[in-house]
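The lines below spell out each chain.
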Amino acid sequence: MTDQQAPGSSAYTSDVPPTGPAGTHETADGRSLGDIVGDIANDLTTLVKQEIDLAKTEAKAEAAKAGKGVGLLGGAGVAGHLALLFLSLTLMYLLDSWMHTALAALIVTVLWLVVAAVMALVGRKELKSMNPKLETTQKTLKEDAAWAKELKNS
């Protein structure tokens, strides 16, 4: 009776754990559930770090672009201010030959107030056109979220 099992005994011995897809310890490729969860956690950690690095890189690029533009506008403003000061004095002395000096100074002042208002509006429009949205980071985050949902559902 060596080929038959004793009544009530199992086909598996107690010292051999069940394995494989139907088992509780290993998957079809030989990795345990803990290994798979650990790999997923490592992958997600790496992904989050990469997304943060991408966001930092994009933010630095946008800030550098804005800083360079503001610096150039500031330098141009100083040089332009000096040029306009002497141009204004020239215009005021030219108008002084036809009218009183005070009226000539008032006309030049009003002219520069109009120019300053136009420049302020144009500069404000340029600063509003800056894009701080980090579009590439947003796109990859959406892709990552879709990947995570797909991974969760499978």
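Keep in mind that this is a model prediction, so the values were computed, not measured.

Details of the overall build of the chain
Helix and strand content of the chain: three helices and zero strands. When the elements of the chain are put in sequence order from the N terminus, they spell out α-α-α. Looking at the chain as a whole, 8% of its 154 residues are labelled buried. Excluding contacts between residues fewer than 6 apart, the proportion of contacts in the chain whose partners are at least 24 apart in sequence is 49%. When the accessible area of the chain is evaluated, it comes to approximately 12600 Å², of which 67% is carbon and sulfur surface.

Here's the deal with the side chain of T137
Position of T137 among the secondary structure elements: in helix 3 (residues 135-153). A relative accessible area of 7% means that T137 is categorised as buried. Setting aside anything within four residues of it in sequence, one finds T137 in contact with E51, L54, A55 and E58.

Considerations on the pattern of salt bridges
Per the stated rule, a full pass over the model turns up two salt bridges. Here D39 and R31 are joined by a salt bridge, their closest N and O atoms 2.6 Å apart. Relative accessible area serves as the criterion here: at 33%, R31 is assigned to the partly exposed category.

Here we look at the confidence of the model for the chain
With 82% of its residues at a pLDDT of at least 70, the chain reaches an overall mean of 80. Within the chain, helix 2 (residues 101-128) carries the highest mean pLDDT (89), whereas helix 3 carries the lowest (81).

Some points on helix 1 (residues 33-96)
In this model helix 1 runs 92 Å from its N-terminal to its C-terminal C-alpha over 64 residues, within 8% of the 94 Å that 1.5 Å per residue would give. Turning to helix 1, its buried residues are L47, E51, E58, S88, M92 and L95. Of the surrounding elements, those touching the buried residues of helix 1 are helix 2 and helix 3.

Considerations on a nonpolar patch on the surface
A cluster of nonpolar side chains, namely L103, L106, I107, V110, V114, V118 and V122, defines an oily patch on the protein surface of about 590 Å² accessible area. In this fold, V110 is placed in helix 2. Residue class for V110 comes out partly exposed when judged on its relative accessible area of 44%.

About the thresholds
Residues numbered from 1 in each chain as written. Predicted model: local features only at pLDDT ≥ 70, side-chain atom pairs only at ≥ 80, totals over all residues. Heavy atoms only, no water. Helix = DSSP H or I, 4+ residues; strand = E, 2+ residues; numbered from the N terminus. Buried < 20%, exposed > 50% of the residue type's maximum accessible area, 1.4 Å probe, protein only. Contact = heavy atoms within 4.5 Å. Areas by Shrake-Rupley, 256 points an atom, 1.4 Å probe, with all protein chains shown as cover. Salt bridge = Lys/Arg side-chain N within 4 Å of Asp/Glu carboxyl O. pLDDT = per-residue confidence, 0-100. Expected span 1.5 Å × (residues − 1). Patch = residues over 30% accessible without salt bridge, like charges linked within 9 Å, V, L, I, M, F, W, Y side chains within 5 Å.

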